[in-house]
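# Observations on the model geometry
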Amino acid sequence: MLEEEYNPSRWNLFRQQQRRAELSERPFSYEIRAAEESDLADIREIYNYYVTNSVVTFDEKKWSLAKWRDKFAYLQKQKMPFLVAESPTGQVLGYALVQPWAGKSAFRFTVEDSIYLGHASSGKGLGRALLEALIAACEANGIREIVAVISDKGAEGSLALHEKLGFVEVGRMGRVGFKFGRWLGTVYLQKSLKPTKKRGLFGRLRDSPDDARADADADAD
């Protein structure tokens with residue numbers, strides 16, 4: 001560049017555009033690992049974006065860090081899989097977890113999943129990677145059924161993702177939620193797993209009826 005062509009503001013703009021181009025050329029990479037308490041601030045920000053900007057969650061008030069800490073402790077106690085995708089710089093890009101389907105002990109082999117991505121991380125295959133890892137973690141934990149409860153509006157991507165990974169629609173409920181001035185329904189999907197470990201939830205180590213029958217048949221032979 002000739003001295004008479006040099007313009008500081010133009011040069012700064014050029015450098016900013018160059019840095020943006022360099023960032024956009026970097027491959028999208030991440031590591032999926034178990035969530036830690038130090039991740040909760042990022043998780044809160046990811047979730048609260050959807051609370052205030054979408055109908056994919058029926059929550060209407062932002063979650064506090066204290067509320068996330070309580071949930072994290074509860075899921076840890078129940079030994080529920082809770083995963084995050086972390087960027088090379090240490091930022092949480094998204095998370096996936098399961099929680100007990102209901103508080104009654106007979107539901108101990110069934111969970112409900114929840115997956116949220118940072119706004120800038122969508123459309124890059126991260127949701128699929130997180131759900132696949134979550135399914136594997138559930139099977140390793142002895143879980144037999146995963147239920148997904150998804151809004152019937154504004155969550156087409158989530159519905160498609162679950163169906164691609166073998167979830168089957170088992171029911172719908174209409175007009176059960178009201179958010180942003182409109183009525184919303186829910187779609188229920190379910191996937192049967194192949195657990196690699198015989199473990200019940202709620203701290204109960206017990207075979208399922210299928211396992212009990214298999215053991216009985218083996219004894220009869």
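The following refers to the structure shown.

Looking only at helices and strands, the protein has six helices and seven strands in total. Seen in sequence order, the protein has helices and strands lined up from the N terminus as α-β-α-α-β-β-β-α-β-α-β-β-α. Looking at the protein as a whole, 39% of its 221 residues are labelled buried. Restricting the contact set of the protein to residue pairs at least 6 apart, pairs at least 24 apart contribute 67%. Surface summary for the protein: the accessible area is close to 13100 Å², and the carbon and sulfur share equals 50%.

This structure, assessed with the given rule, holds seven salt bridges. A salt bridge links R33 to E86; its shortest N-O distance comes to 3.3 Å. Of this pair, R33 sits in strand β1 (residues 31-34) while E86 sits in strand β2 (residues 82-86), and the two are 53 residues apart along the sequence. Each member of the pair, R33 together with E86, is buried. Connected through shared salt-bridge partners, R33, D39 and E86 make up one network.

End to end, helix α2 (residues 40-53) covers 20 Å across 14 residues, agreeing with the expected 20 Å (1.5 Å per residue, within 8%). Along α2, the residues classified as buried are L40, I43, I46, Y47, N48, Y50 and V51. The inward-facing, buried residues of α2 abut α3 (65-77), β2, β3 (92-100), β4 (110-117) and β6 (168-179).

Moving on, we come to the layout of surface pockets. The space that makes up the largest pocket amounts to roughly 1000 Å³. Y50, V56, I115, Y116 and S158 are the residues nearest the centre of the largest pocket, which is lined by 41 residues in total. Elements represented by at least two residues in the lining of the largest pocket include exactly α2, α3, β3, β4, α4 (126-140), β5 (145-151) and α5 (156-164). Element by element, the count of residues in the lining of the largest pocket is highest for β4, at six residues. Here the lining of the largest pocket is built from residues that sort into 18 nonpolar, 16 polar and seven charged.

So, how was this worked out
Residues numbered from 1 in each chain as written. Predicted model: local features only at pLDDT ≥ 70, side-chain atom pairs only at ≥ 80, totals over all residues. Heavy atoms only, no water. Helix = DSSP H or I, 4+ residues; strand = E, 2+ residues; numbered from the N terminus. Buried < 20%, exposed > 50% of the residue type's maximum accessible area, 1.4 Å probe, protein only. Contact = heavy atoms within 4.5 Å. Areas by Shrake-Rupley, 256 points an atom, 1.4 Å probe, with all protein chains shown as cover. Salt bridge = Lys/Arg side-chain N within 4 Å of Asp/Glu carboxyl O. Expected span 1.5 Å × (residues − 1). 1 Å grid on protein atoms, 1.4 Å probe; cavity = no way out; pocket = protein on both sides within 12 Å on 5 of 7 lines; lining within 4 Å. Points joined across faces, edges and corners; volume = space filled by probe spheres on them. Nonpolar A, V, L, I, M, F, W, Y, C, P; charged D, E, K, R; others polar.

Everything listed is a geometric property; what it means functionally is a separate question.
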